[in-house]
Amino acid sequence: MNETVQAITLGSVRYGDSSLIVACYTKQFGLQSYILKGILSAKGKKKLSKSFFEPLTLLEFAAKKNRENKLGYLKEVNLLHPYTSIPFDLRKKAVVFFLAEVIHQVLKEEQQGSNPNLFKYIKKQLLWLDEHYEIGLFHLKIMLDLTKFMGFYPNISKIDAPYFDLESGCMSFSKPKVHYIQGTLKVHWINVLGMKFEEISKVKILREEKTALLENAIIYFKLHLQQFKPPKSTEILNELFKVS
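Residues numbered from 1 in each chain as written. Predicted model: local features only at pLDDT ≥ 70, side-chain atom pairs only at ≥ 80, totals over all residues. Heavy atoms only, no water.

(A) Representation of the pattern of salt bridges within the structure. Taken as a whole and assessed by the stated rule, the structure comprises two salt bridges. Arginine 91 is the salt-bridge partner of aspartate 89, the closest N and O atoms lying 2.9 Å from each other. Between lysine 141 and aspartate 145 there is a salt bridge; the shortest N-O distance is 3.5 Å. With lysine 141 and aspartate 145 both in helix H3 (residues 138–150) and four residues apart, the pair spans about one turn of that helix. Each member of the pair, lysine 141 as well as aspartate 145, carries the same accessibility label: buried. (Salt bridge = Lys/Arg side-chain N within 4 Å of Asp/Glu carboxyl O. Helix = DSSP H or I, 4+ residues; strand = E, 2+ residues; numbered from the N terminus. Buried < 20%, exposed > 50% of the residue type's maximum accessible area, 1.4 Å probe, protein only.)

This is the structure:
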């Protein structure tokens, strides 16, 4: 029997001439994939708009849990919370494209089932992004907060240590051989981890530091998730933030 499902779109690939296969993170079932037949054709059903499946769109539809390695079918989809600014702001669109890649990779590797708390967290922060003009380090904060749910949240208990070792995920008094953060970047890293999400737009750092922090966050994910690859949209994101 179908349930009313809340979902966050993560990405899509073309299937045949007129259809899409879309990956969604659902509150009820975790990561699921659905086929959208005829959505790209001129005669595509109006109830299935391609715009509904842009990265990190919040949706609601009727569906049941897919059988293992099977695709579900969607016939009718509604927007759960229509965005008012994200579709029209290039910075925000770059952020959601980047985060969709990150979240999709994490969920595929972790193979987690439903996690209502994680879904609630992502949904809440997307609504925050849509409502606020200042983005700040939104994308970095989301990445680091995701590690709480995945089991490799940075340990900064030895806060006075001069180094953060990306490989061990801990502060260190001895200099690691590779993959570490020190100096001003280490301070920013700790501050982002320790502050409340609502304060993130108030952080003022140099663009070069912002880029370096993101690069280190990607390295951190690569070290702790075996199949993680740098998101393709990283370069676009960094270029947009150079002029923002």
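(B) Here's a closer look at H3. A rise of 1.5 Å per residue sets the reference length of H3, with its 13 residues, at 18 Å; its end C-alpha atoms lie 19 Å apart and thus fit the reference within 8%. With 11 of 13 residues buried, H3 lies mostly within the body of the structure. Where H3 terminates, the next one or two residues include glycine 151, which has phi positive at roughly 95°. (Expected span 1.5 Å × (residues − 1).)

(C) Structural context of the layout of surface pockets. What the largest pocket holds in volume is close to 560 Å³. Secondary structure elements with two or more residues in the lining of the largest pocket: strand S1 (3–15), strand S2 (19–26), strand S3 (30–36) and helix H1 (90–110). When grouped by side-chain class, the residues that make up the lining of the largest pocket number seven nonpolar, 10 polar and five charged. By volume, the second largest pocket is sized at about 280 Å³. Forming the boundary of the second largest pocket are 15 residues, of which Lys64, Asn66, Leu71, Gly72 and Tyr73 lie nearest the centre. Here the residues of the lining of the second largest pocket sort into six nonpolar, three polar and six charged. (1 Å grid on protein atoms, 1.4 Å probe; cavity = no way out; pocket = protein on both sides within 12 Å on 5 of 7 lines; lining within 4 Å. Points joined across faces, edges and corners; volume = space filled by probe spheres on them. Nonpolar A, V, L, I, M, F, W, Y, C, P; charged D, E, K, R; others polar.)

Everything listed is a geometric property; what it means functionally is a separate question.
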